[in-house]
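# Descriptive analysis of the structure
What follows is the residue order along each chain.
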Amino acid sequence: ALKLFEAATREAEQESLHDSQETIIVNKLGELRCHAALDNSDVVLKECKALWKRIDTLKKKDEAESESLPQSKMRQNQSLKFEKWITEADILGSKAAWILSEWKDLEEYVSRGNIGSKEGEDVDDVTSYFEAVMHIKEDDFELAQKKIDRARENVLGILSSMLGDFSYSRADKCLVTVQQLSELEEIITHKKKVANLTLAGVAGRDESKAEEKASLEMLKSKWNKRMEWVPQEPELWRQMLTLRSLVLKPTDDLDAWIKYEKMCRRSGQLALCSSALKRLGVEDLMKQLDRGAGDWSGEGGAGGRGKRSSIERQSSIEVDRTSLL
């Protein structure tokens, strides 16, 4: 379905001229879900801001018009519909802000208090998770731990509800959620170690840098071993890699990102593959992907091989040819 997304978007833009405001909002939310699935986080963040204002304006207008009317089930349903739209827009926007490290935008979404009202199996649908991330970013580890504990309680509730209606898909997501929360705690431990080095007055010295690097390498080794048990689903891997960005740049976590890129390509999700390569700094390779997958099919004889070799030489990242092709 995502392969037809661009054509569907053009068609929706033409039809929207004659649609009602409610239809436009529903269509826009669907469009943003597709952008989020394609890792177009910059588009999602920008569009969510405009959509939130549209929903809020329509909600206030509806409340003003129905203020003099008696309470009814229809009026309650209308109010719930607006709340559902706002919640989804805030969740999409907060995820995009988190991926892009736009902390002010993330704080704004969390402060509204809407994203915690949606029940689901994804940890990042919970306000506590984002609050923990922001507190870790601010080095407020005590508050971050409290938010992690609260998010874990939510996951335990979801796991308990699955006992009577087991689903492998939901179970996988819950297990990844538990792993995310554990890795947040490990990030806190690492950052505390770095903070203690600073307090000890050895920050900046060679031994301090060596100790910090050793701590990161230990985290990477531990995380990579765990990733072997994570299902081969790009969305789950993207969540895990986004969390790691609190302490690791993609170029410092090359093996995991290359595995993610290969996973996206093998599943036909070239947009996600292109996004991963862009984060790794492989600009020339990304441009080649944008021209079409045909150049990467392995066909074209010596000319095709020469073109690929040229791009590999220009890339700032040294990887084995079979990792990317």
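Please refer to the structure placed before this passage.
Residues numbered from 1 in each chain as written. Predicted model: local features only at pLDDT ≥ 70, side-chain atom pairs only at ≥ 80, totals over all residues. Heavy atoms only, no water.

## A short note on the overall build of the protein chain
This is how it is decided: Strands are runs of DSSP state E lasting at least two residues, helices are runs of H or I lasting at least four, and both sets are numbered from the N terminus onward. Each residue is placed in one exposure class: buried if its accessible area under a 1.4 Å probe, protein chains only, is under 20% of its type's maximum, exposed if it is over 50%, and partly exposed if it falls in between. Contacts are assigned to residue pairs with any non-hydrogen atoms lying within 4.5 Å of each other. Note on areas: these come from Shrake-Rupley sampling with a 1.4 Å probe, and a residue is covered only by the protein chains present in the view.
Regarding its fold elements, the protein chain presents 15 helices and zero strands. Per-residue burial for the protein chain yields a buried fraction of 42% across its 325 residues. Contacts in the protein chain between residues at least 24 apart in sequence constitute 64% of all its contacts with a sequence separation of at least 6. Taken as a whole, the protein chain presents about 18300 Å² of accessible surface, with 51% of it coming from carbon and sulfur.

## Topic: the pattern of salt bridges
Test applied: Counted as salt bridges are all cases of a side-chain nitrogen of Lys or Arg within 4 Å of a carboxyl oxygen of Asp or Glu.
Considering all chains together, one arrives at 20 salt bridges under this definition. Among the ionic pairs, K81 bridges to E22, the shortest N-O distance being 2.8 Å. Linking K81 in helix 4 (residues 73–100) with E22 in helix 2 (residues 21–37), this pair joins segments that are 59 residues apart in sequence. Residue classification places E22 among the partly exposed positions, given a relative accessible area of 29%. Between E31 and K28 there is a salt bridge, with its nearest N and O atoms 3.5 Å apart. One end of the pair, E31, and the other, K28, are both in helix 2, three residues apart, so they sit about a helical turn from each other.

## Focus on unusual backbone geometry
Trans peptide bonds make up the majority, and among non-glycine residues the majority have a negative phi. The phi angle at S101 is positive, at roughly 60°, despite the residue not being glycine. Examined against the element boundaries, S101 turns out to sit in the loop between helix 4 and helix 5 (103–111). On the basis of relative accessible area, S101 is assigned to the partly exposed category, the value being 36%. Positive phi outside glycine occurs at D139, with the angle close to 65°. Relative to the helices and strands, D139 resides in the loop between helix 6 (127–137) and helix 7 (141–161). Overall, D139 belongs to the partly exposed group, its relative accessible area being 46%.

## Re helix 10 (residues 234–244)
For helix 10, the tally of buried residues reaches 10 of 11 residues, placing the bulk of the element in the interior. Taken together, the buried positions of helix 10 are P234, L236, W237, R238, Q239, M240, L241, T242, L243 and R244.

## Overview of helix 11 (residues 254–266)
Just so we agree on the cut-off: In a helix, the anticipated span is given by 1.5 Å times the number of residues less one.
In a regular helix each residue adds 1.5 Å, so 13 residues correspond to 18 Å; helix 11 covers 18 Å between its end C-alpha atoms and thus fits that length. All of the buried residues in helix 11 are A256, W257, I258, Y260, E261, M263 and C264. Backbone geometry just after helix 11 places G268 at a positive phi near 80°.

## Section: the nonpolar core
The cut-off we apply is this: Definition of nonpolar core: a set of buried residues of the types Ala, Val, Leu, Ile, Met, Phe, Trp, Tyr and Cys, connected through side-chain atoms within 4.5 Å.
One finds I55, W98, Y129 and L184 to be the most contacted residues of the largest nonpolar core, which totals 43 residues. Put simply, the parts of the chain that give this core at least two residues each are helix 2, helix 3 (41–66), helix 4, helix 5, helix 6, helix 7, helix 8 (168–199) and helix 9 (206–227). Among the elements that line this core, the one with the most residues is helix 4, at eight residues. In terms of nonpolar packing, the next biggest core, distinct from the first, is built from 19 residues, L236, A256, W257 and L272 among them.

## Considerations on the side chain of D105
Relative to the elements of secondary structure, D105 occurs in helix 5. Residue D105 is classed as buried on the basis of its relative accessible area of 13%. Not counting chain neighbours up to four residues away, the residues in contact with D105 comprise L45, K49 and A97.

## Observations concerning the packing of aromatic side chains
Rule in force here: In summary, the pairing rule links any two rings of Phe, Tyr or Trp, Trp by its six-membered ring, whose centres are within 6.5 Å, and it sorts them by plane angle into stacked for under 30 degrees, edge-to-face for over 60 and tilted for everything else.
All chains considered together, the criterion is met by five aromatic pairs. Ring centres of W257 and Y260 lie 5.7 Å apart, and the angle between their planes is 90°; this geometry places the pair in the edge-to-face category. In this pair, W257 and Y260 both sit in helix 11, three residues apart, roughly one turn of the helix. Given the relative accessible area of 1%, Y260 is considered buried.

## So, the packing of helix 11 against helix 12 (residues 270–279)
For clarity, the cut-off: A fitted line through C-alpha atoms represents every axis, and for helices the fit uses only the stretch in contact; the resulting angles, taken between N-to-C directions, go from 0 to 180 degrees. Angle categories are assigned with fixed cut-offs, so that under 35 degrees is roughly parallel, over 145 is roughly antiparallel, 65 to 115 is roughly perpendicular, and the rest are oblique. Take the far helix as your reference; a near helix turned counterclockwise from it by less than a right angle gives a left-handed crossing, and one turned clockwise gives a right-handed crossing. When residues are sorted by character, Ala, Val, Leu, Ile, Met, Phe, Trp, Tyr, Cys and Pro go into the nonpolar class, Asp, Glu, Lys and Arg into the charged class, and all the rest, Gly among them, into the polar class.
For the pair helix 11 and helix 12, interaxial distance at closest approach is 7 Å and the crossing angle is 160°. Classified by the angle between their axes, helix 11 and helix 12 sit roughly antiparallel to one another. Of the two elements, helix 11 crosses helix 12, and the hand of that crossing is left-handed. For the pair helix 11 and helix 12, contact is made by W257, Y260, E261, C264 and R265 and by L270, L272, C273, A276, L277 and R279, respectively. The residue makeup of the contact of helix 11 with helix 12, split by class, is eight nonpolar, no polar and three charged.

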